[in-house]
Amino acid sequence: MQSRPSETRAHDVLNTFLMIQCLLFLLPLFSAWLHPVLLGNVRNSQILAVLVLLGIVIQRRLRLSELLAWRCSPKLWNALALASLLSFLATGVTHYLGLRLNGEDFSIFDWMLFNTNHREFMTSPICNMAKPLDVCHHFAIHPTYIMIPLALLHRIFEQPLFLIVLHSLALWSAIIPLRALARRFLQHDVLVVAVLLAYLGNCYVGSILNHGFHVEVFFVPFGLALLQAWVEQRRSWWIWFLLFLSVKEDGALYMMALGLGQFILRQHDRRSYTLMAVSALVLYLNLAWVQPYFLRVTGAEVPSYLRFWGHLGSSKQEIIQHIITQPLDTITMVLKSHWYILFGSLLFIPLLSPLALAAMAPALLIYGLSNISHMREYATYYSAPLIPFLFYGLVRGGQWLLERNVRMAPGLMLVACLLFALTGGGYQKFPLIAFQALRDLQEARNFLWNHSRPLICAQTLLYPHLPYEWRIQPLSPECMRQPRALTIFLSNRRFDSYPLGAREFFALRQHIPGLRRVKSWSSGLEIYQREP
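Residues numbered from 1 in each chain as written. Predicted model: local features only at pLDDT ≥ 70, side-chain atom pairs only at ≥ 80, totals over all residues. Heavy atoms only, no water.

A. Looking closely at helix α19 (residues 354-368). Over its 15 residues, α19 extends 19 Å from the first C-alpha to the last, a length consistent with the 21 Å expected when each residue adds 1.5 Å. Along its length, α19 reaches its greatest deviation from straightness, about 40°, at Met-360, and the proline Pro-362 lies no more than four positions downstream. Where α19 is buried, its residues contact α14 (251-265), α17 (327-335), α18 (339-344), α20 (373-376) and α21 (387-403). (Helix = DSSP H or I, 4+ residues; strand = E, 2+ residues; numbered from the N terminus. Expected span 1.5 Å × (residues − 1). Bend = angle between axes of the 7 residues up to and from the residue. Contact = heavy atoms within 4.5 Å.)

B. Structural detail: the nonpolar core. Ranked by size, the top nonpolar core spans 165 residues in total, and within it Met-147, Val-195, Tyr-199, Phe-218 and Ile-488 carry the most contacts. Ranked by the residues each element gives to this core, the list is headed by helix α10 (residues 189-201), at 11 residues. Not counting residues up to four positions away in its chain, the partners in contact with Tyr-199 are Leu-171, Ala-174, Ile-175, Leu-178, Val-205, Val-220, Ile-387 and Phe-391. By size, the runner-up hydrophobic cluster in this structure holds 13 residues, among which are Leu-455, Leu-475, Ile-512 and Leu-515. (Core = buried A, V, L, I, M, F, W, Y, C linked by side-chain atoms within 4.5 Å. Buried < 20%, exposed > 50% of the residue type's maximum accessible area, 1.4 Å probe, protein only.)

C. Just the state of the cysteines, in detail. Under the criterion given, the structure shown has 1 disulfide. The disulfide that involves Cys-457 links it to Cys-479, with 2.1 Å between the sulfurs. Judged by the sign of its S-S torsion, about -90°, the bond between Cys-457 and Cys-479 is left-handed. Placement of Cys-457 in strand β3 (residues 456-458) and of Cys-479 in helix α24 (residues 477-480) is noted, with a sequence separation of 22 residues between them. Assessed through its relative accessible area of 0%, Cys-457 is described here as buried. Not engaged in a disulfide, the cysteine Cys-22 finds its nearest cysteine sulfur in Cys-72; these two sulfurs lie 8.6 Å apart. Sulfur of Cys-417: no disulfide; nearest cysteine sulfur belongs to Cys-203 and is 14 Å away. (Disulfide = S-S within 2.5 Å.)

D. Molecular detail of the packing of aromatic side chains. Overall, the coordinates contain 37 aromatic pairs when judged by the stated rule. Summarising the aromatic geometry, the rings of Phe-391 and Phe-420 are spaced 5.8 Å apart at their centres and angled 70° between planes, so their arrangement reads as edge-to-face. One end of the pair, Phe-391, is in helix α21; the other, Phe-420, is in helix α22 (residues 409-422), with 29 residues separating them in the sequence. (Phe/Tyr/Trp six-rings, centres within 6.5 Å; stacked < 30°, edge-to-face > 60°.)

E. Highlighting the pairing of strand β6 (residues 515-520). Two elements, β6 and strand β7 (residues 525-530), share 5 bridges in a ladder whose sense is antiparallel. Counted as the bridge partner of Ser-520 is Glu-526 from β7. Adjacent in sequence and paired antiparallel, β6 and β7 are bridged by 4 residues, among which Gly-524 carries a positive phi angle near 105°. (Pairing = 2+ DSSP bridges.)

F. Quick look at the sheet that holds strand β5 (residues 486-490). Across the sheet, which stays open at both edges, the 5 strands sit in the order β4-β3-β5-β7-β6 with mixed pairing between neighbours. Edge positions in the open sheet fall to β4 (472-474) and β6, since each of these has one partner strand only. For this sheet the average axis-to-axis angle between neighbouring strands, irrespective of direction, equals 30°. Examined bridge by bridge, β3 and β4 share 3 bridges and lie parallel to one another. Bridge assignment links Ala-458 to a residue of β4, and that residue is Pro-474. Along the sheet, helix α23 (residues 435-449) makes contact with β3, β5, β6 and β7, crossing β7 at roughly 25°. (Axes fitted to C-alpha atoms, helices over the stretch in contact; angles between N-to-C directions.)

G. Here's a closer look at the environment of Val-190. Looking at the element boundaries, Val-190 is found in helix α10. Val-190 sits 119 residues away from Arg-71 along the chain, and the two C-alpha atoms are 7.5 Å apart. Other than its neighbours up to four places away in sequence, Val-190 contacts Leu-14, Leu-67, Leu-68, Trp-70 and Leu-414.

H. Expanded view of the packing of α19 against α21. One way to put it is that α19 packs onto α21 with a least axis distance of 8 Å and a crossing angle of 165°. Taken together, α19 and α21 sit at an angle that is classed as roughly antiparallel. Like other packed secondary-structure pairs, α19 and α21 cross with a definite hand, here left-handed. Seen from α19, the contacting residues are Leu-355, Ala-356, Ala-359 and Met-360; seen from α21, they are Phe-389, Leu-390, Tyr-392 and Gly-393. (Parallel < 35°, antiparallel > 145°, perpendicular 65-115°, else oblique. Left-handed = near helix turned anticlockwise from the far one by under 90°.)

Given below as structure tokens:
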């Protein structure tokens, strides 16, 4: 009996592995009902699939050259794209229906869109927890012009699911330019697929996906689309460049760094002058005109986010002065951040791309100097400005290794991609839908619609599930003490009770005169009211 050619066997193995990966993007959505911790995430099943693949490769003694000869069929590309899209969408929806969204961060943007259409431009009742009874203006914190067209769309799709679906779509769509970049520089389909799996399954993208909508998510697809148009010499790079700048004011810093890096590496590229000049102008307008104007409107003196670097100074000028005059202190703080985990899990291959490193430098500096652990660890949405340049560095670093015939260069790339997808703690999850709590919330909404409600104090967890028309403020002692204020609280260990834990809440209510419970439900949902 004649044995099958080794290349055919390698193709069968990789085709099967990729189909299994497609299934694993969706399987945890259903297996979560058996065990939400062990079986409700993509990571655990991916680890098993990778171990099985390695075992088969070793058992069949498949050579690396055989794996590199594999060609991914269009049907498999489409299957991977569709499975990952459905998986990303399902993650967003299950976090919403499972009461697992970060209600504070999500509702800042969600209510901002509604208020722009019906009340005041870009205001939100929830983005100033230091002064919980105040309404703040988002442009006084971050000028985010991309939210203006989103406000127009939100008027058509006026519900929280608009941002939830948009968030998942934006994060998923980055695979389109990433695939084009990987095919251009890496050539081998097995390496291209490995890069895409590294993107779709890594802890940083998973953390952004789990966190719910945050405007920084647009840095990822816009950044990768810009880099694709840039290397392909397309005129559309202008569009992606302007969209990138519209996300947030710090986008101008990353574009200035990218332009400077391009200028140093290729001095005759006139586009680098455009990047630096336009970015510098936009940064100046944002920091010198737009942000100060809206700060004056709200009566604030400095943006609230400056407290993240309060140990360096009380103003932007003092912070910048400290960075410049204390270089050793600056370098020490940056080196203590998690840059070595970010790059180390990719075997430091992105560091082989000077342009990628230049574009990442501002974010590495800003986050490394912060006193917030999430920023130093690039957790939740803070990794978003780094991701497009990190993956650009990965494919360009892989190209550098391949062109120099570095021994085992393809193997290093495969290991780096598989390792990156399987390390870290922010992996994609599918929470169980909170059916009972959602039913009780619907009854609570019906009850409150027929009740006098001058002010409602709500847990941030519940914000995405309450009507836009109501006057709502974050749950706080100041809010609860307002005359005739209604307090809605979900006391259930399954859910995050931020900003007040159950014990703190029940202790607090004893010290608020006239506070009485008017309604309760089996899920732990309760409504209180303070009598005048």
